[in-house]
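Understanding the architecture of this molecule
Below are the chains, spelled out letter by letter.
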Amino acid sequence: MCNTTFKEIKCVQLNLHHSIAATKNIIQRAKDQDISIACVQELYQMRGVPVGIPAHAKFFFSGRDNLKAGIIIFNKDLRTMKVFISRNVVAVTIQVQNRSVLVISAYCPPSEDTLHEIENCLQFPHNGVILASDLNAKSPLWGGNTQDERGSLLLEFTLSKGLIVINEENAPPPTFDGSTGRSWIDTTIVDAFMLERISKWRVDAEPTGSDHNSISYSLYTGRDLDLVCDLETAWYNIKKSHVDTLLFGTRVEGSKMEIAQNALIYPSSWSPVQWDKKIANIDQVIYTDGSKIDGHVGAAFCVLNASTRQEHQYRLSDHCSVFQAEAVAIQEAIKWKTRHFPQSSCHIHTDSLSVLMALQNHQIRNDLIQWVRTHIDSNIALHWVKAHIGVEGNEAADRAAKEAATRDSVDIHLGIPQNSVKKQLKNLLISEWQRRWDNSGENGRFTHNIYPKVSRTRCLFNNYDIQAVSNHGLCPQYLRRFNLRSCSCRCGEDEHDDIHHYIFRCPLLGHLQRRIHPDVHILRVLSHPILREEMRTILRTVYLNERNIFQELQVLIQP
């Protein structure tokens, strides 16, 4: 099964700052973003009991007197076991590639030392370590310009234990942004085994409800990890150096990618852009739109009022996105208004909800959006209008944008969107992965017949589901193949005696096969919750009643 999917385990860590809002936020994110593991510190509690954790999640936490650290497992198929608990530390093990990975959540209060608790935790047998922590330790190696005593102690500790802090230096935004200042005090620490399996590490810019920002990353457990490493290396080189790079024999034009200046804005100086859903018919009325048709991109705005009716069209580079076209249309409308009617009130209508929401983001990483927000003043009002419902100005701007895409020459040259570069890299990865999967020889052919196409979103954790798609598990065919036992099924009706024999055909388990029958495809069984649970019950019964279902084969000895 490992050949058919990257098993991506999404993880997040956050100091909740005893906030119920932060707790609800991370629970909702886990649901929306399919997060499997959340390591949290300073939990919200009432009378020593954590509050806000859903009942379906597995939850492990440190001592009840303070609830300084916790681990929430949202994926019920992850095999976990709590192995360590102390005042400020809690640890569990999860199974990754048949190896035990120690996941630790730790918090170090300003007046205490938690490193000795972590050291005791690391004595538990393990193959890999992920330490998600808020140790209140500062060092320029993971952000900021300050090296305090705790930072020095943490560096000595990690070096002595063979651990690595994987935080990106000064990665925006800071992990702590509160009333006492800004700093990078939340760290992700791993060992060498986990270093090559963790990817997409970042500090999230979205609001958390806490004075800390969350850190997210993914743990990959598939066999073709070199593909992920190659992709992440290529993206790092493009993002940091803006150079062209080769990935799986294909040149990716990283030098043409758009460059965004990350401007950190203090919350006190930030005023959000306001917009509404009203349609204005007074003062200067402008409608904007962007379009991508037949591989060509256009942007336009139309001015509609009593004295003026104008169309302004611009063709953009073919690699531009519709988002860029929508933003350019608003940008050009503001420029036109500033040149011709600098003191007049102006109402700009757009059907791009994504651009309007981007303008309200407190952490902007797009130069176009930053320009628009900087140049919107009290004389400019923004309005959202639903597309294609017969609004005259919106329909006119839509026609003008499509016409602009057919112009002979490009009027505005922009860089390739970062999302487009990422999409190209991912498509190249999928293509190379598919090539390997199709040409992997005799290995995995049973699974290939079930899953001929690879997928980055397919991920099986349940051991019975994996047996069903790999044909590797507790059955006579598997035991004979690897010379573990010479046995067969007592029913005697199928000489193969493989996993599918017990799922679909074995009469000894007929009383459990209520909905499953031989004509049902295994993919139907795996995708239907009732059929899937019935299959798991059947295989669980085989495991528990092996002696009654299997029979040893008699070996004839020649005289």
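None of these values were measured; they are calculated from a predicted model. (Residues numbered from 1 in each chain as written. Predicted model: local features only at pLDDT ≥ 70, side-chain atom pairs only at ≥ 80, totals over all residues. Heavy atoms only, no water.)

Remark: a regular strand shows side chains that alternate across the two faces of the sheet. Burial runs high along strand β21 (residues 296–304): eight of the nine residues are buried. Bridge analysis of strand β20 (residues 284–293) against β21 gives eight bridges, and the strand direction is antiparallel. Opposite Ile293, over in β21, you have His296 as the bridge partner. Where β21 lies against strand β22 (residues 309–316), eight bridges are found, and the strand directions are antiparallel. By the bridge assignment, Leu304 is partnered in β22 with Arg309. Turn length for the β21-β22 hairpin, with the two strands adjacent in sequence and antiparallel, is four residues. (Buried < 20%, exposed > 50% of the residue type's maximum accessible area, 1.4 Å probe, protein only. Helix = DSSP H or I, 4+ residues; strand = E, 2+ residues; numbered from the N terminus. Pairing = 2+ DSSP bridges.)

Okay, the nonpolar core next. If you look at the biggest cluster of nonpolar residues, it comprises 32 residues, and the most contacted ones within it are Ile286, Leu316, Ile348, Leu359 and Ile376. Every element with two or more residues in this core is listed here: β21, β22, α6 (322–340), β23 (346–350), α7 (353–359), α8 (367–375) and β24 (380–384). Considering each element in turn, this core owes the most residues, eight residues, to α6. Residues in contact with Ile348, not counting those within four places in the same chain, are Ile286, Thr288, Ala333, Ile334, Ile380, Ala381, Leu382 and His383. Formed by 30 residues, the second largest nonpolar core is a distinct cluster that contains Leu479, Leu512, Val542 and Ile549. (Core = buried A, V, L, I, M, F, W, Y, C linked by side-chain atoms within 4.5 Å. Contact = heavy atoms within 4.5 Å.)

Let us look at the packing of aromatic side chains. For any pair of aromatic rings, the description consists of the separation of the ring centres together with the inter-plane angle of the planes. Scanning the entire structure with this criterion turns up six aromatic pairs. Seen in terms of ring centroids, Phe59 and Phe61 are 5.2 Å apart; in terms of plane orientation they differ by 35°. Their pairing is tilted. Phe61 gets classed as buried once you look at its relative accessible area, which sits at 16%. Between Phe301 and Tyr314, the aromatic rings sit 6.4 Å apart at their centres with planes inclined by 25°, giving stacked as the arrangement. Of this pair, Phe301 sits in strand β21 while Tyr314 sits in strand β22, and the two are 13 residues apart along the sequence. Here Phe301 and Tyr314 have matching classes, each one buried. Across from the ring centre of Trp371, 5.6 Å away, lies the NZ or CZ of Lys335, which sits over that ring. Positioned above the aromatic ring of Trp437, the side-chain terminus of Arg445 is 5.3 Å from the ring centre. (Phe/Tyr/Trp six-rings, centres within 6.5 Å; stacked < 30°, edge-to-face > 60°. Lys NZ or Arg CZ within 6 Å of the ring centre and 35° of its normal.)

One can find Asn15 in strand β1 (residues 8–15). Between the C-alpha atom of Asn15 and that of Thr208, which follows or precedes it by 193 residues, the distance is 9.6 Å. Residue contacts for Asn15: discarding those within four places in its chain leaves Gln41, Glu42, Tyr107, Asp134, Asp186, Ser210 and His212. One polar contact links Asn15 to Asp134, side chain to side chain, over a distance of 2.7 Å. (Polar contact = N/O pair within 3.5 Å; in protein donor to acceptor, adjacent residues only side chain to side chain.)

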